[in-house]
Amino acid sequence: MPDGVARKADPPELPKAPPQPVSPIVRVKRGESVEIPLKIYGTRSQTLDFLIRVPPQTGKLSEIKRIAQEAGSITYTPSKDLIVKRDKFSYAVRSNEGVSAAVEVAITILDTDPDLFAPETTDFGRTLSGEQVTRNVEITNRGGGIAEGNLEVEPPWQIDGPLHYRLNAGTKSSIKLIFSPKSVGSARGLLRYGPETQCVTALTGESLPPISILPAKLLLKQSEGEKGVRSATLEIFNNTASEQTITPLEDDRFIFSSAATIKPLSEGSIHVETVEANLAALDGEIRLHSTAGEISVPVHGDAVPPILQITRESVNFGAIPFGGNAREQFGIKNRGGTSTTVTMEIAAPYFLQQPAITLSPGEQKELTIGLLTANPGSYRSTLLIRARSLANLEIPVTAQIAQAVGFATPSRTERPVLVAASRPRVIAANRHEEIASASTEGLPLQLAQIVELTPTMAILDWVEPNPGTVHSKIEVRQLSLEGGQLKLDWKEMGSFVPEFKNGRMKGTLTRLEPGALYTIRIRAIKADQSSVVRCEAQFKTPPKKPLLASLFTPLRILAGLLVMALGGVIWQKIGRRPAARC
C-alpha cells in the first residue's frame, strides 16, 4: 500500500450460532415405551446439554440420559387413552455458543387390531311355549383399538338393551337376551356382532307343550296270541309345575287303561288296545283331555294278519260199508283282517273236493273230505292245512271200511292191498286241477271194485250212471322230477271199451308190472267228446311165483305120478318077455 494512504480496517468477527438439534419422527405401540435419541447436526467438540422446551400433551417423558459428549436420549410412554393417536414434544440444545431454537418431535401411537371374543354357543334350555327365559352373553375385546358394531338376532330371541356395542382394548360387556318361543319344538338362531367381525354366537332352545306325548305318532303292533288285538303304550310327560290328570276320550275302536295322574315335571303312561272285532287297517287319532287342554295323537295300525280257525279238531268217518261213498265236512274261518290263500293235502283213500281256497277277513268256508272205499280195513291219515307265514294246522282223519257182503277174494291171486299214508304226501304238483276233476256232474268220485287181479292183469268194475258213454280211458298216476321238484301227474295208459250191464261197467287192464302199486282213474268219454272222471282205484299186483315153485303145483305133481306109474307098467311087461333063442 503506498505511503500516505490509510489502511482499511478488517470487519469484526461474528459469534458462532448454537448447534441445530435433529427433529426425529417416532412411532410407538400403545402400552409400550420407546427411547428417542437427542442429537445435533454436525459436531462441536464440546459437551452439549439437551433441554425439553414443550412436554408431550398426553404421554410421559423420562429424564434425559447422556449417552455421549454430543448426544443423549429420552424415553417416551404413550397414554392409554385409545382416542389419542398422536403426540409431540419439543427440545433444544445448549452449547458454549448458547441455546438453539427448539425443534418438534412428532410421535405416532400405534394400536393393535380389535379382537372380539364371544361364546360359541348359548343354550336357553327348555321352557313352556309362551313363557320366557333370559340369558346374559358376555363379550370381550382381547385386542387393541376399539371393537364396536351393531347386534342382530332373530325371533324367538330378542335383545334387552342397546343394539350397539363399543369395547376398548381389554374391556368386557354383557348382552341380555330373551328367549320367548311361541310354538312347540326346538329352536336355533345366531347372535351377530355386526359386519365388521365374523364373530357369532349360536343360540339353542326348546319349547315344550304343557303335556308331551311320545311317540308323536302311535304305531299299534300285533299282540301275542290269536285274538287279533293290536296295542301300544303312550308315554306322557307333565312339563308344568302342577299335577295333571290325563283322561282318554271314549272311542269304540279302542280300549284304554285308566286315566293317568302325573305329578309336576314327571311322567306316566296310558296303554291302548284295539277291540277284538277291529281287524282292518287303522288310521286316525286318539284324543286325550287334561287340565292344560285337549291333545290329539295320530295313530296307525296295519291290518291284522290272517288267523285260521278250524271247526273240527278231528274227522272220523266211522264204519263205512264197502263200495259206498262217504263224505265229511269241516270249516275253516279267517279271523284275521287280511285275506289269505289256504292249501290242503291228504293222502288216499281220502280226497278233497277243494284243495285250495281264498278266505277274506272274517270269512268261513265249509269243505268236504271224500273217502274212496276200495278195500275193507282201518285208514288213518292227516289233513294238512297251510297258509303263508302261518303255522301248519293238522286234522287227524280216520275211517273203518267194512267187508262187503258177498265179496269174493280173487282166486289164484293175493288179496288187493289199498295203502293210505299216515301223513299226506308233500309233492310239488298241480293238485288244484287234479282234484277239481275228482267230482263232476254233481256226482261224488267212487272207487272201482277189483274183480280179479293177477301179476299182469286187473279186472275193474264200477258204476256208470250215463249209458251214453262211448268209451273209457285209464290214466295212471306217475311221479317225475322236473326242475329239481317232484311232480305228480296223470298219464294215459290206454283206452278200451268196457262191457256195460245193469248200470255197471267192467273192463280189463293188461300189461301190468308184477308186484307194483298202481293208482289209476277211469275217465269216461261221452258222445260229444267231453270227458268226466268217473272213479279211482288203488291196488298192488301180486308178484310172479318162482319157476321152480310153479313146477310143483298139484296138477303137475299128479301128472308126474301118472307118468311114473305108466312107466312102471311098461317096464314090467318088457321084463316078462321070453329070452330070444339063438
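Residues numbered from 1 in each chain as written. Predicted model: local features only at pLDDT ≥ 70, side-chain atom pairs only at ≥ 80, totals over all residues. Heavy atoms only, no water.

**Overview of the overall build of the chain**
Next, step 1: If you tally the helices and strands in the chain, you get three helices and 45 strands.
Next, step 2: Per-residue burial over the chain gives 38% buried out of 582 residues.
Next, step 3: Considering only contacts in the chain between residues 6 or more positions apart, those separated by 24 or more positions represent 65%. (Helix = DSSP H or I, 4+ residues; strand = E, 2+ residues; numbered from the N terminus. Buried < 20%, exposed > 50% of the residue type's maximum accessible area, 1.4 Å probe, protein only. Contact = heavy atoms within 4.5 Å.)

**Details of the pattern of salt bridges**
Next, step 1: Scanning the entire structure with this criterion turns up 18 salt bridges.
Next, step 2: Taking the shortest distance from any N to any O, the salt bridge between Glu-148 and Arg-166 comes out at 3.2 Å. Taken as a pair, Glu-148 in strand E13 (residues 146-150) and Arg-166 in strand E15 (residues 164-168) lie far apart in primary sequence, 18 residues in all.
Next, step 3: A salt bridge links Asp-251 to Arg-253, with the nearest nitrogen and oxygen atoms 2.7 Å apart.
Next, step 4: A relative accessible area of 18% means that Asp-251 is categorised as buried.
Next, step 5: Its relative accessible area of 24% is what places Arg-253 among the partly exposed residues.
Next, step 6: Through salt bridges that share partners, Arg-30, Lys-85 and Asp-111 make up one connected network. (Salt bridge = Lys/Arg side-chain N within 4 Å of Asp/Glu carboxyl O.)

**Points about the confidence of the model for the chain**
Next, step 1: The predicted model of the chain averages 80 in pLDDT, with 79% of residues at 70 or higher.
Next, step 2: At the level of individual helices and strands, the chain shows its lowest average pLDDT in helix H1 (residues 431-436), which scores 34, and its highest in strand E6 (residues 71-77), which scores 95.
Next, step 3: Per-residue pLDDT stays below 50 along residues 404-442; that stretch engages in 92 contacts with residues further than four places along the chain or on separate chains. (pLDDT = per-residue confidence, 0-100.)

**A look at the sheet that holds strand E42 (residues 499-501)**
Remark on secondary structure: sheet strands pair via backbone hydrogen bonds, oriented parallel or antiparallel.
Next, step 1: Read across the open sheet, the four strands follow the order E38-E39-E43-E42; overall the sheet is antiparallel. Of all the strands in the sheet, just strand E38 (449-453) and E42 have a single pairing partner and so form its edges. Within the sheet, the average angular offset between the axes of one strand and its neighbour, ignoring direction, is 20°.
Next, step 2: Relative to strand E39 (residues 458-463), E38 runs antiparallel, the two being bridged by four bridges. Considered in E39, the bridge of Leu-453 is made with Ala-458. (Pairing = 2+ DSSP bridges. Axes fitted to C-alpha atoms, helices over the stretch in contact; angles between N-to-C directions.)

**With respect to the side chain of Arg-523**
Next, step 1: Tracing the backbone through its elements, the reader meets Arg-523 in strand E44 (residues 517-526).
Next, step 2: Residue classification places Arg-523 among the buried residues on the basis of a relative accessible area of 17%.
Next, step 3: Separated by 3.4 Å, the side chains of Arg-523 and Glu-475 make a polar contact.
Next, step 4: Apart from residues no more than four positions distant in its own chain, Arg-523 is found in contact with His-471, Ser-472, Lys-473, Glu-475, Ser-531, Val-532 and Val-533. (Polar contact = N/O pair within 3.5 Å; in protein donor to acceptor, adjacent residues only side chain to side chain.)

**Some words on the pairing of E44**
Next, step 1: For E44, the tally of buried residues reaches nine of 10 residues, placing the bulk of the element in the interior.
Next, step 2: Count of turn residues in the E44/strand E45 (residues 531-540) antiparallel hairpin: four residues, of which Gln-529 carries a positive phi of about 70°.

**Here we look at the sheet that holds strand E36 (residues 393-401)**
Next, step 1: Reading across from one edge, E29-E36-E35-E31-E33 is the order of the five strands in this open sheet, with mixed pairing throughout. Both outer strands of the open sheet, strand E29 (315-320) and strand E33 (356-359), are each paired with one neighbouring strand and no more. Looking at each pair of strands side by side, their axes are set apart by 20° on average, direction ignored.

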